[in-house]
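# Fold and geometry: a report
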Amino acid sequence: QVQLVESGGGAVQPGGSLTLSCAASGFSITLYRMNWYRQAPGKERELVAGIGIIGSSPNYADSVKGRFTISRDNAKNTVFLQMNSLKPEDTAVYYCNARTIDAWGQGTQVTVSS
């Protein structure tokens, strides 16, 4: 069964850092561009970052560019999102996604507050 499981979320103070992980099973991520989305309360889900099959062509939302870094370890079937200089506006549930096959994780909560 295709499955994506996010982990690494939590509550942090503004300016802090956090690394999210997305462990895939039931398929190999090597064939897919992988993405991170987030959804804040009362807001639409938005694309945060994406990465090509060998780490090529990364893209980032303007709001996180320069602060977040997406990476992948195909051998471990895992995608990461390194988040630095976190802001309260980053508070959201973060989802891992393989868009082509409509695969989604359950989400992991990130809360940034002072």
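This write-up is about the structure you can find in this document.

## Considering the sheet that holds strand β3 (residues 18-25)
- Taken in spatial order, the 4 strands of this open sheet run β1-β3-β8-β7, and their pairing is antiparallel. Taken across any chain shown, the strands that pair with only one partner, and hence form the sheet edges, are β1 (3-7) and β7 (68-73). Recorded for the sheet is a direction-independent mean angle of 15 degrees between the axes of neighbouring strands.
- Here 6 bridges tie β7 to strand β8 (residues 78-83), and the two strands are oriented antiparallel to one another. Within β8, the position partnered with threonine 69 by the bridge is glutamine 82.

## Some thoughts on the state of the cysteines
- Throughout the structure, instances matching the rule amount to 1 disulfide.
- Cysteine 22 shares a disulfide with cysteine 96; S-S distance 2.0 Å. Measuring the twist about the S-S bond at about -80 degrees, one finds the cysteine 22-cysteine 96 disulfide to be left-handed. With cysteine 22 in strand β3 and cysteine 96 in strand β9 (residues 92-98), the pair connects residues that are 74 residues apart, well separated along the chain. A single burial state applies to cysteine 22 and to cysteine 96, both of which are buried.

About the thresholds
Residues numbered from 1 in each chain as written. Predicted model: local features only at pLDDT ≥ 70, side-chain atom pairs only at ≥ 80, totals over all residues. Heavy atoms only, no water. Pairing = 2+ DSSP bridges. Helix = DSSP H or I, 4+ residues; strand = E, 2+ residues; numbered from the N terminus. Axes fitted to C-alpha atoms, helices over the stretch in contact; angles between N-to-C directions. Disulfide = S-S within 2.5 Å. Buried < 20%, exposed > 50% of the residue type's maximum accessible area, 1.4 Å probe, protein only.

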